[in-house]
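Here is how the chains run, residue by residue.
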Amino acid sequence: MCAQHSDKKGQENSMSDAARHQALARIRAAQSQRRTPEHWAQEIQSGNRDALSQAITLTESQRLEDLEYLTAILQALDNLTPQGRPIPFRMGITGVPGVGKSTFIEQFGQMLIEDGHRVAVLAIDPSSARTHGSLLGDKTRMEALSRSPQAFVRPSPTASNLGGVARGTHEAILLCEAAGYDRIIVETVGVGQSETEVRNLTDAFVLLMLPGGGDELQGIKRGIMEMADLILVNKDDGLSRAQARETAAQYQQALHLFPPTPGGHTIRVLTASALESKGIRQASDAVEQLIHSWRENDWFEEQRQQQRLHQLDSHVSTILRLQRAHHNDGTATTWDSLRTQVLNGTRHPLDAAQHWLKNHVES
Ligand SMILES: Nc1nc2c(ncn2[C@@H]2O[C@H](COP(=O)(O)OP(=O)(O)OP(=O)(O)O)[C@@H](O)[C@H]2O)c(=O)[nH]1
Ligand SMILES: [Mg+2]
């Protein structure tokens, strides 16, 4: 059974890798036919989903040329975007595997569409970084949303950096926004560093929790809770109802001891049943209230400014890493050898970094 499962997963992974390579090949073919970044930008802006999808594939590429082309597309999109358009809102959703993130987004996304929004969902799976896989399963769990013309659901393969979050997610968000989606939802599995990364990419961060365990607020759970703007105890249904409510009360109690939030808001704990589509409207109202209060007190823009600077740092290290791959000159001072020396403790990390930068970065 297990072997069958992993075989299936393996097939899905290789399928998604193959699909990604095909998409990149199509993009390069289009580039060679002199399809300009301006042309791509126009296609994306006019609602061509294939163009959007292919541009997102560029964000995941490990080739510097692809990133340069992506930059040109983003610039062309900036030029096309009308001034004064309402600023799209970015939301991160995290929680342990199986807590119900995708089921919740399926309901929540449809509600946003009913309210007149256009919704893009980017799903990130850090565990698949090990296998270069993707969350193909998620598309089926968000079936109605995937079919909606007002939604764009993109399970993202994560051939990624240490954080486990797909490196190009920020650019994928920008592309979706340029395509006219005004509610961007990023789903990530809450298993470690990926939350911090997604926290840095989104305006509001929603943590889904399971009923039970409210009295043992230790370690990582507390760390993740401190990053959350809203906590939802999901699966408030069937036999878990009483426990879900008790857990929510315990979390709310515990939050009194947490430091004040930088956005000046109170972290609320609500319950929901994604399966029975209960509590979704309340969650949506709570998120809208957050947006409203942050726009009033300027935290919205302040946080975005910090995030843009974070992106700058992150891209510098990515581009250096990609250049490193290009500059591997096979001598004793290559990156691999420096890494070994740092690993062995025979060279200080600072010295190794300076040595490498001196030799490999043009001034
Ligand atoms: N009883 C109950 N089950 C739920 C609820 N929400 C989701 N589930 C079930 O929980 C299981 C996992 O749901 P998903 O939505 O895939 O959870 P997820 O957090 O996206 O999982 P990963 O993407 O694997 O991390 C599915 O069998 C859902 O039907 C809920 O509110 N109540
Ligand atoms: Mg999921």
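Residues numbered from 1 in each chain as written. Chains lettered and ligands numbered in written order. Predicted model: local features only at pLDDT ≥ 70, side-chain atom pairs only at ≥ 80, totals over all residues. Heavy atoms only, no water.

Colleague: What is the right way to read the coordination of the magnesium ion (ligand 2) from this model?
Modeller: Metal coordination angles in their ideal form are 109.5 degrees for the four-donor tetrahedron and 90 or 180 degrees for the six-donor octahedron. Within the protein, S102 (OG) and E187 (OE) serve as the donor atoms for the magnesium ion (ligand 2), at 2.1 to 2.3 Å. Remark: E187 occurs in strand β4 (residues 183-189) and S102 occurs in helix α5 (residues 101-114); sequence separation between them is 85 residues. In this pair, the class of S102 matches that of E187, namely buried. (Donors = N, O, S within 2.8 Å, 3.2 Å for Na, K, Ca; no water. Helix = DSSP H or I, 4+ residues; strand = E, 2+ residues; numbered from the N terminus. Buried < 20%, exposed > 50% of the residue type's maximum accessible area, 1.4 Å probe, protein only.)

Colleague: Help me understand the packing of helix α4 (residues 64-80) against helix α8 (residues 169-178) in this model?
Modeller: Between two packed helices, the angle of one axis relative to the other and the distance separating the axes together describe the packing. At their nearest, the axes of α4 and α8 sit 10 Å apart, and the two run at 35 degrees to each other. The element α4 and its partner α8 pack so that their crossing is left-handed. Listed contacts from α8 to L70, I73, L74 and L77 of α4 are E171, L174, L175 and A178. Taken together, the residues that form the contact of α4 with α8 break down as seven nonpolar, no polar and one charged. (Axes fitted to C-alpha atoms, helices over the stretch in contact; angles between N-to-C directions. Left-handed = near helix turned anticlockwise from the far one by under 90°. Contact = heavy atoms within 4.5 Å. Nonpolar A, V, L, I, M, F, W, Y, C, P; charged D, E, K, R; others polar.)

Colleague: What's the story with the side chain of T94 in this structure? I'm lost.
Modeller: Structurally, T94 can be placed in strand β1 (residues 89-95). Residue classification places T94 among the buried residues on the basis of a relative accessible area of 0%. Polar side-chain contacts of T94 include one of 3.1 Å to the backbone oxygen of T188. (Polar contact = N/O pair within 3.5 Å; in protein donor to acceptor, adjacent residues only side chain to side chain.)

Colleague: Would you mind showing me how to read the site of ligand 1 here?
Modeller: The immediate surroundings of ligand 1 are formed by 17 residues, with K101, T103, R141, D237 and A274 found nearest. S273 has a polar side-chain atom sitting 3.5 Å from an oxygen atom of ligand 1. For ligand 1, the accessible surface in isolation is 650 Å², of which the surrounding protein chains cover 75%. Elements with a minimum of two residues in the shell around ligand 1: α5 and β4. In terms of residues, the shell around ligand 1 owes the most to one element, α5, which gives three residues. Broken down by class, the residue content of the shell around ligand 1 amounts to six nonpolar, six polar and five charged. (Near = heavy atom within 4 Å. Areas by Shrake-Rupley, 256 points an atom, 1.4 Å probe, with all protein chains shown as cover.)

Colleague: Looking at this structure, how should I read the packing of helix α3 (residues 49-59) against α4?
Modeller: Put simply, α3 and α4 touch, their axes get as near as 8 Å, and they point 130 degrees apart. If you check the angle between α3 and α4, you find them oblique. Classified by chirality, the crossing of α4 by α3 is left-handed. Across the interface between the two elements, A55, L58 and T59 from α3 touch D66, L67, Y69, L70 and I73 from α4. Residues of the contact of α3 with α4, tallied by class, amount to six nonpolar, one polar and one charged. (Parallel < 35°, antiparallel > 145°, perpendicular 65-115°, else oblique.)

Colleague: Can you walk me through the packing of aromatic side chains in this structure?
Modeller: By convention here, two paired aromatic rings are described through the distance between centres and the angle between planes. The full count for this structure, using the stated rule, is three aromatic pairs. Here the aromatic rings of F89 and F300 are separated by 6.3 Å at their centres, their planes lie at 20 degrees, and the arrangement is stacked. Here the residue F89 occupies a position in strand β1, and F300 occupies one in helix α13 (residues 299-326), the gap between them amounting to 211 residues. Classification of F89 by relative accessible area gives buried; the value is 1%. Owing to a relative accessible area of 4%, F300 belongs among the buried residues under this scheme. Where F104 meets F108, the ring centres are 5.2 Å apart and the plane angle is 20 degrees; that geometry is what we call stacked. Placement of the pair is F104 and F108 together in helix α5, with a separation of four residues, close to one helical turn. Sitting above the plane of the Y181 ring, R118 keeps its charged end 4.4 Å from the centroid. Against the face of F300 rests R295, its NZ or CZ located 4.3 Å from the ring centre. (Phe/Tyr/Trp six-rings, centres within 6.5 Å; stacked < 30°, edge-to-face > 60°. Lys NZ or Arg CZ within 6 Å of the ring centre and 35° of its normal.)

Colleague: Can you walk me through the environment of A151 in this structure?
Modeller: As for its placement among the helices and strands, A151 is situated in strand β3 (residues 151-156). For A151 and H117, which are 34 residues apart along the polypeptide, the C-alpha to C-alpha distance reads 9.0 Å.

Colleague: Looking at this model, I keep getting lost on the layout of surface pockets. Mind explaining?
Modeller: Empty space among the atoms becomes visible once a probe the size of a water molecule is rolled across them. Of the volumes computed, that of the largest pocket is approximately 950 Å³. Together, 34 residues line the largest pocket, and L74, D78, R90, H170 and L174 are the ones closest to its centre. Among the secondary structure elements, those contributing two or more residues to the lining of the largest pocket are α4, α8 and α13. When the residues that make up the lining of the largest pocket are grouped by side-chain class, the tally is 14 nonpolar, 11 polar and nine charged. (1 Å grid on protein atoms, 1.4 Å probe; cavity = no way out; pocket = protein on both sides within 12 Å on 5 of 7 lines; lining within 4 Å. Points joined across faces, edges and corners; volume = space filled by probe spheres on them.)

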